[in-house]
Every structure is written in structure tokens, then in C-alpha cells.
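# Summary of structural features
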Amino acid sequence: MNMYTKFSSFLLVALLLVGFSNLMAQGTGIIRGTVVDATNGEEMIGVHIVLQGTSRGSATNLDGEFVIRNVPAGTQTLVATYIGYEPVRQDVEVIGGETNIVNFEMQWMGLTGEGVTISAQAQGQVSAINEQLRSNTITNIVSADRIQELPDVNAAESIGRLPGVSIQRSGGEANRVAVRGLSPKFSTVSVNGVRVPSTGDWDRSIDLSLISSNMLDGIEVMKAITADQDADAVAGAINLRLREAPEQLQVDVSAQGGYTRLQDHYGNYKFVGSMSNRFLDNRIGVIANFNIEQYDRSADKFNAGYGQRDNPQTGASELVITSMNAIEDNVDRGRLGASVVLDANIPNGKINANAFFNRLNNEGRSRTNQIFSYDDNRRHYSMNEFDNQTSIMTAALGIMQDFDWVQYDATVSVTGSRAENPKNYGWAFSHYGAVNPFTREQGMDPREVLPFMIADSSLTALNSINISGVERSENQYSAQLNLQFPVSYGIFDGYFKTGGKVNFLDRHNDQYSRGTEGMHYGFAAASENGRAVREAMEMLSPDDFNGYDLYEQGLEYGWVPIYVFDDGYSRPDFMEGDYPLGYTADPNMLKKLTHALDDLDWDFFTRNAVDSRGRDYEGTEHTYAAYVMADFNIGNYVRFIPGFRWERDWSKYTGQQFREVVINNQQAEPVDLAELEVERTNNYYLPMVHLQFSPVDWADLRLARTETLQRPDFMQYVPITSIDSQMNYASAGNAGLKPAHSVNYDAALSFYTNELGLFSVAGFHKTIADHIIWTRQFVNQGELPDPDLHLPDNWLSQNPRLDTYINNPHDATYYGVELDWQTNLWYLPGVLQGIVLNLNYTRIFSDTKYTYFRRDQVCNNCDDDGNLLPGERFRTYDNIQVAQTREGRMVDQPAHLANVTVGYDYKGFSTRVSYLYQSDRANSVDATTPVFDTFTGEYSRIDMSVRQKLQMGLEFYVHLNNLLNTADRNFQGSVGGDPTYIEYYGTTVDIGMRYRF
């Protein structure tokens, strides 16, 4: 019996059991109702409603609604419980065959004391705790109350405060999250259950800095998925919920201005607003949100490269600096977002429609002082001006209806991401003979290199001009159907669920690059460079270039020196004074020259063939999935959730092969150019099971065994194969890569009371097979190491070195533990009641093997001892590849994570101080030697928010971020070893006003 037959049989048996259970349910009734907060009348999510003395019950949904089916006729007592609130009991007379309506109002526990008010932050914490406890899996929650009261900068910052989550930053702002130490691409991200397309250039990660927290109604991070969720979630699944319209007209607007210390910039601003209402007796609701902001995200950066060489005197291996750069990034980051959510009540259900759009724009310039370049004994200065725009869009239409014997929901969606860099400029200046050669001693501070450097603006010549751009898009089209059948028989109470999903993905990448190089090689009047500048000068005035005639300067020096473009810019506090900013050039002057050269009647700028053609690709992916699962309460203490998911993915991508051609240091059109097209198909059958034990009403234990996938990044398997002009080094995407397959074990023990709050201990263990790693190998003449690499025969004859990706033959292992405590001190007297605490700590371990292939020779006419065989006069050798492995931790895995948040509310005043700590993590692991491993150093920061409510719905707030002025630091060889990257971005301050009614 094949797997398809097994799946069909299982589904048939499930449907027969559903029919049998419905027959057994005669003489029972249904209880429906809504639970609201007695103080403000708002619907409450995650309230647990049970029949007293049984485990039969339900939890309220996002609308505060619940339903309990197959309730025996007669008088029943319902008990509603919610951490932080007084339990409520209510009797109901159940009439068989009818639906009985029972509504609850719940009172905050703290209100039993005289003069006690509900703390805003405590309300948000309690909501998160209860949603987490009512989830059918191991989940962490950021509640709507917490997001709305003291919102973070973006969704990534909010998620980064949860246990087991580390953040990655750009310009001091979190933009990606790594759940349980796995790279961001190992997690799925959805908006209202609809997948967000990837925004990475070559990988499948999502830039969450695109999304403003203000438009969200909560965030769910599911650490162990169930069979009805997409399987490519090895780390977990992140769902961003959009807000729905509450009753009556509501308006919420805020405006803020901000300051960035690094550039002493006061021009930051942010405007956020929402409006909502319900119509036709609350049957239709509409809410619209928008946000617009502009922020200085500048940074000072340092990077360095290192290599090894043999000392010519001693022969010993020693470490040398190969490059060292000081960079100033002036970046204005703009964010624009809007969402519209419509819901309409229909008989027995609801229709939902939503549209969600966010755009992120990074505009600015980057100045680089390449203090040192070991390879060419030159000193380089460069200027880049960029305008990069990334956007995401989701649109979905869903319907849900409940007919008592069956509940269904169906969703269709269209999503897309765009990345556009229409015209980026790059200019480079070079100074030959600017470095006095030296050898770096181990432990030598890179600043000690500075005395070896020579600076002369007249010898620093304009070298190259480049204009480039990228257009990348991804579109996804999905349809999903879920059917749920209630079951109640004996001690079993719950439901069967089945459904399926189809997802089509189209992806397109197109980039171009054109320009010129070698402008510093001579400037004779008859030369091409001289002719170009002479023609360009007819359109330019010396007044635009500090009074200098570019053509005359070129004739005098043989090149155009950098002082012609000098803008006089300097910053004494650059890199906190550790490194010089160096010479700077005015980008407006450089663009005037660039445009004049570009407007010549003859093509002065040539196309960079590799960057304009060699990296382009397009493709499509189809994913089909079906599942069956159940969710049963067994007796009063056990919840059992078995499931099975089948997924099939098919893809077809088009790329190319090419051999680079370089003539006079200029890229020429490639040869051996051919289009490559590959198809691949994979099928997976993924069993999953969850168990929950609740022997007492103040604790539960959750266990899960799941199987999940991680599909290859685009760069890893798109068919792009190339070799350098000398045919020594080749690279290839591996079209035969399989998705990584992970077997996950999760356990979580939680304790919860009104006084304790929630304390939980969670452990996890993951065994990842076929995870994808980069490797280097050598091609032997006439031998194709893998047909999916698409290497032409004439390349193989050159025995090139090959860089590619493989499915690791060695499993990777992840495991760790999370501790989390959430509580508020409502029971203390007086002003101490407003204290709210959130503390979590995570310890993570990982281990895998990295494989590297080295070339070796074996004597083919020798015995086992290496002696020539009888009759042989000369040894002959064959080239072979020898695999060597090295153990190391997985990329992006930190060992320790900690978050401490202390909040305080008193009447209209709120404040929150948060501390985040992340230990070092591996950025790359070299398969050959530890000296080339790279790491991100440990990181800690303190943020603070203050809010004061005024009269008439007005609020005043202040956000202070990165109070410790922490910098990002990367190292090579060991943590705290040789610095490869430092980024300073300083402290930021935001001050704003908010109006709500």
C-alpha cells in the first residue's frame, strides 16, 4: 500500500468516525457565547470555558467567542477562567438539539482591592499569558495590548523580546529574527495566516523592519507546528495578526520627532494613524491603518580581511592583514505602510478581506577609506550613492462558517515582494605605492597599521565609475481549504480536521552594471580617457569643480586627482576617533562628470557583462499539501493532537553558464554562454504528534514530536555556473539539492497562578538531515563530480577548483532550554501594584560537521607501502579528492540569550526599561581551519520608554534606544580575536504625541 492509499484510507476512516460520533451525539445541545472584560467591554481572547467536572470545553477566539458542542441536555455549570481575572461560574439549562447562548463578563483580579486600577502593561502581559496557555501547541505571544500601549520600532524588535529569539540588525534597528538560534530563513512569516514572500536577495528570509508594529493586533511565535501549518518551519512559524474593527467609531493618531546622536540629526519623524467603525448593526466592520516615517540610520563601520602566508625568512605560517576599510554610511530610512481589514458577519460565519502594504526605502551615500590593501600595495577611496526600495504586499479573502456538524474555512491570497535599486552610483579613487609593506604580528591592533600608510591627494586618482541597478520580484498565489468535524464519544471530546493548500511562486531577478575602469592609467590627449574628458568638459564648467579644469588636471598629472572633487567634509568623531575618515569627494560633482560622460555620442561606459547578465535568473515553484489531524481531550487531564502532512514541491528555474573574459583589466562579453533550465521535484510525508497533560489547574506539560523542512536558498540551487577567465576557479549552483529535513522534539512545563503569573521551562532538540552547506572541491580531468552542477567538458579538462553547495551527509544537532517568567505585582499595596516583570533566558547548543574536499595524488603503480611494483621504473599518479571534515556549531547560533523588561504603570503614567543580551554567534565556519571562522561578538543594549496620559485622549511619550551606545562587532578566528567588522550607530531619542478616542 503506497502513501497516497494510506492517506486516503486514513481520511475515509476519519469521516466514518465523524458520522458515527454525530449519531451518538443525539440528545445533546450546543452552547455558544462571548466573553468580555467587565471594565471596558472589550472581547477577551483565550478565555477557557469548561463544563464543571469535565475537560469538555473551548477557548475564546480573536472575537472573544466560544462554542461547546455535544453538551448533554439538562442543567450544566460553565466555568470561565483567565489568568489575572476572577473565575466565573454560570448555570445553563441545555436543551437537546438547540443552540444555547451564554455570555460572560470577567473581572480583573486586582479590582477586589480598594483603589486598584488595571495596569496597561499588566493587561498586555495577562493577554499574552492566556493566549499562550490556550494555544494547542508551544507558542509565545506578543499581545495586542502590549503592542498598542508602548509599541516597538518594528515587528522584529517586538519579537526579539520573546524567549529563544535573537535579532539581527541594520543601522541599529532589528530587521531579522532567528528563532532558537536558527538562521532567519528557517522560520516562516505570515500576516493573518497568509505567507509573506521573501525579501532577501538570494535567500528566503523576511526583512521584518518593513512592518510597523502599530498596525498589528498581536504576534504569535509557534515553536512546534501542527499538521495544518506549512512544513517549511524548522525553527518555527511567526504569524502577524492585523487589527479588526471594534464597535463604534475609533480614531488613533500619533506624531513623533526624533534625534540620532551619531550624526547629530534632529530630522527623524513618524506619523501613525488608524480609523475604524462597524456598520449595519455591527455586521460589517472596517479598519484602516497607515504609517509613514523617516529616520536617520547612519552608521560608522570598520572592516578588515586577514590571510595566511609563509614567512620568507623563517618559513613559518603567519597572519597578515589583506585589507582594512573605514566606512561612513549616511542613510535615510523611510517606511510607508497601510492596511485595510474588512469583516462581514454572514449566516453561521464570517467573511474577512484584508490588504497589507509596506515599503522600506534606504537612500544615502557611503564613503570608504580603504586604508590598506595587501594585494596591490594601493590605497583606495570610494563613494557610493544609492536609493534602494523594498516593498511587500499581501491581499487575502477568506470565509469561515460553522454548521455545528462541520466547520470550514477557505482562503485565497495574492502576495508579492519587490526590490528596486534603479540607479546606484559608484566611484573609486586609487593611490599606487601608498603602503609600506609589513607583516602583522598576532594580536596586533589594526590601528597600529596606520603609521605604515601614505596619503597624498595629488597621487590619488579617479580610477573607475560604475552605474548599477537591480530589479527583483517574487509573487505568490495561494488557496487553502480546511474542514473540521466535531467529535464527542465517551471520554473523547474534540475534532477531526483535514484540508489542503496549493501555492504557486514566481521569482525574477534582473540586474545590470556598466561603467569604466582604468581611468588612472595615463591621460594623454589622444587617449580614450583624455578624449572623453575633453568632450565632457565642453559641457562642464570649472566652477563646478572647485575652479579646476579637469582636462588640464589630467594632462598635468596623467589622471584626475581627488582634490578636484574635494567637498571639505570631515568628522572628528568618526569611528570614535579610532580611524581616519580620509579624503572625501562631493557626489554631486562626481555625478555631473558621470552624466556628461554617459551623454557622449560614443559609448564610453561599457557593460559589465557578468554583473549585467551572469546573475540574472527566473523561475517558478509549485507546492501542494494535504493533511489530516485530530485534537482530542481524553478524560479530564490529557489533550492529544496527532497529525500527518504530505507536501510536494516542484520547481523550474532558468539561469546560465558562462566563462568570464577580462581584457586589459576590463570585463568583456563572456564566452561559453548558454542558458540552463532545471526542474526538480520532492515529496515528503511528515507525521506530527502533540500531547498536553494538565493534572492540576495551575500547571501543564506539553510534548511534541514534529517533522519539518527547509527549502534551499535561491543562490544555492538556481542554475548559474561560471568560471574565471584563466579557468582556475569555478562556481555552480547545485540544482539537485534536496530540502533539509528536521525531526524535532519539544517539551514545555508551565506553572501559572494569579500571584505567580506564568513560569515556564521549555526544552527542544532538533536533528537536521541534509542541511545545506557551502563546500570547495577540485575537478579532476574528465570527471564531472555531479551532473546537477552543469560544468561543460572543456572546463573539466582544466582541473579547476569548484565552489558549490551540497546536502551535508552529516546531521546537524540543535538543542537547548528556555526559561520564561511573566508576572505583575497587582497584589502589593499602593503604588507597587503597577510593577510588571518579564524575564527570560535561553541556552542553545548546536553541532555539525563541515565537509571540504582537498586534492591529493596517489601512486597507481605502488604497493601499500608506497614502493614501486616489480617491473615498474617510474611512479605514475592519479589525482583524487579526499574529503575532510571539521566539527563546529551552526551558523547564526548564539549560546546565550536573555531579556529583562521592567514596566511600571501608575494612573496615567507608564514606563518600561528593557535589557537585551545576546552572546556571540558564528557567521561562517571554514571547513579547513578555525583561523578563518568568523563570529559576531556578544551584544547587549538598554532601551527605555515613557508615556504620560493627558486629558481628552492625549498622550505624551519618549523612546530612548541603545542607551549603552553599543556597537556591533565581528571577529575572525575566535570570539574577541581579530576584528573584521565594527559598526557604530549611537543612541536614538524619539518624542511624540498620541491622540485616541
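In case you missed it, the structure is sitting above this.
The present account deals with the structure reproduced in this document. (Residues numbered from 1 in each chain as written. Predicted model: local features only at pLDDT ≥ 70, side-chain atom pairs only at ≥ 80, totals over all residues. Heavy atoms only, no water.)

### Description of the overall build of the protein chain
- On a plain count of helices and strands, the protein chain comes out with 10 helices and 48 strands.
- The proportion of buried residues among the 997 residues of the protein chain is 56%.
- A separation of at least 24 residues holds for 71% of the contacts in the protein chain among residues at least 6 apart in sequence.
- Summed over all atoms, the accessible surface of the protein chain reaches about 40300 Å², with 53% contributed by carbon and sulfur. (Helix = DSSP H or I, 4+ residues; strand = E, 2+ residues; numbered from the N terminus. Buried < 20%, exposed > 50% of the residue type's maximum accessible area, 1.4 Å probe, protein only. Contact = heavy atoms within 4.5 Å. Areas by Shrake-Rupley, 256 points an atom, 1.4 Å probe, with all protein chains shown as cover.)

### Here's the deal with the environment of Glu660
- Topologically, Glu660 is positioned in strand E28 (residues 638-663).
- Using a relative accessible area of 19% as the deciding quantity, one classes Glu660 as buried.
- As for Glu660 and Met727, which are separated by 67 residues in sequence, their C-alpha atoms are 8.7 Å apart.
- Once residues lying within four places of it in the same chain are set aside, the contact partners of Glu660 are Val610, Gln667, Ile723, Asp724 and Ser725.

### A word on the nonpolar core
- Core analysis: the largest hydrophobic core is formed by 57 residues, its most contacted members being Ile159, Leu208, Ile211, Leu216, Ile219, Ile238 and Leu240.
- Among the elements that make up this core, the one with the highest residue count is strand E38 (residues 835-859) (four residues).
- Those residues within four positions of Leu208 in sequence are excluded, and the remaining contacts are Asn154, Ala155, Ala156, Ile159, Asn175, Val177, Val189 and Leu240.
- Listed in part, the 33 residues of the second largest apolar core include Ala532, Ala536, Leu550 and Leu600. (Core = buried A, V, L, I, M, F, W, Y, C linked by side-chain atoms within 4.5 Å.)

### Comments concerning the pattern of salt bridges
- In total, this model carries 57 salt bridges according to the counting rule given.
- Its salt-bridge partner being Asp63, residue Lys350 comes within 2.6 Å of it at the nearest N-O pair. In this pair, Lys350 sits in strand E21 (residues 349-373) while Asp63 sits in the loop between strand E3 (57-59) and strand E4 (65-72), placing the two residues 287 residues apart along the sequence.
- When its relative accessible area of 11% is taken as the criterion, Lys350 is described as buried.
- We classify Asp63 as partly exposed; its relative accessible area is 23%.
- One salt bridge connects Glu647 with Arg711, and the closest N-O pair in it is separated by 2.7 Å. On the criterion of sequence distance, the pair formed by Glu647 in strand E28 and Arg711 in the loop between strand E30 (699-710) and helix H9 (714-717) is long-range, its members being 64 residues apart. Just as Glu647 is buried, Arg711 falls in that class too. (Salt bridge = Lys/Arg side-chain N within 4 Å of Asp/Glu carboxyl O.)

### Here we look at the sheet that holds strand E9 (residues 139-143)
- On the basis of which strands lie adjacent, the open sheet formed by five strands has the order E9-E14-E15-E12-E13 and mixed pairing. A strand with exactly one partner marks an edge of an open sheet, and here the two such strands are E9 and strand E13 (194-195).
- Pairing geometry for strand E12 (residues 187-191) and strand E15 (residues 236-242), over five bridges, is parallel. Paired with Val191 across the bridge in E15 is Leu240.
- In this fold helix H2 (residues 120-134) packs onto E9 and E15, with an angle of close to 150 degrees to the strand it touches most, E9. (Pairing = 2+ DSSP bridges. Axes fitted to C-alpha atoms, helices over the stretch in contact; angles between N-to-C directions.)

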